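Structural overview
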Amino acid sequence: MSDSLDPLVRLMQTLQERAKNRPTGSYTTKLLDGGPEKIGKKIREEAEEMIEAASEEGDAGREHFVYEAGDLIYHAMVLLAWKGVDLSEVANELGRREGTSGLVEKASRGKNSGSNAE
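Residues numbered from 1 in each chain as written. Predicted model: local features only at pLDDT ≥ 70, side-chain atom pairs only at ≥ 80, totals over all residues. Heavy atoms only, no water.

Looking at an unreviewed UniProt entry, one finds the protein chain named Phosphoribosyl-ATP pyrophosphatase, with Novipirellula rosea as its source organism. Per UniProt, the protein chain has the following entry under Subcellular location (unreviewed entry): "Cytoplasm". Under the heading Pathway (unreviewed entry), UniProt records this for the protein chain: "Amino-acid biosynthesis; L-histidine biosynthesis; L-histidine from 5-phospho-alpha-D-ribose 1-diphosphate: step 2/9." (UniProt positions renumbered as here; feature names shortened; annotations may be inferred.)

In structure tokens form, the structure reads like this:
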């Protein structure tokens, strides 16, 4: 499975390079220059589109859902690059949580964790 994740590693490397060099004419550069506000707006938009696509049935619905998931993951990774966080750091965090109940993990963060999502 790790080989199938290679495109994510390559994308992260590209995004980090774009964050560093900000090439003119790049959509990623435009997002990065807009900071968390602009990137966050796109993440919210793509999350809504992914949620809507989840309700679509059949092969076309599945294909649309995968497409929207790709958009959401791309934009989340742009925000990681803007923040200077590598995808491997997120993978390590998820690995740290592995085998821990999500409810237990959430409770361990306390009320001041910065997230009020349920």
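Back to the text.
Observations concerning the side chain of glutamate 46
For glutamate 46, the position within the fold is in helix H2 (residues 27–54). Overall, the relative accessible area of 4% leaves glutamate 46 in the buried class. Ignoring sequence-local partners within four residues, the contact set of glutamate 46 consists of Glu68, Asp71, Leu72 and His75. (Helix = DSSP H or I, 4+ residues; strand = E, 2+ residues; numbered from the N terminus. Buried < 20%, exposed > 50% of the residue type's maximum accessible area, 1.4 Å probe, protein only. Contact = heavy atoms within 4.5 Å.)

Section: the packing of helix H1 (residues 6–21) against H2
Pairs of packed helices are described in terms of their axes, by the angle between the two and the distance that separates them. Contact pair H1 / H2: the axes reach a minimum separation of 9 Å and the direction vectors enclose 60°. Overall, the two elements H1 and H2 adopt an arrangement that is oblique. When the axes of H1 and H2 are compared, the crossing they make is right-handed. Contact with H1, carried on its side by Leu15, Arg18 and Ala19, involves Thr28, Thr29 and Leu32 of H2 and no other residues of that element. Of the residues belonging to the contact of H1 with H2, the class tally is three nonpolar, two polar and one charged. (Axes fitted to C-alpha atoms, helices over the stretch in contact; angles between N-to-C directions. Parallel < 35°, antiparallel > 145°, perpendicular 65-115°, else oblique. Left-handed = near helix turned anticlockwise from the far one by under 90°. Nonpolar A, V, L, I, M, F, W, Y, C, P; charged D, E, K, R; others polar.)

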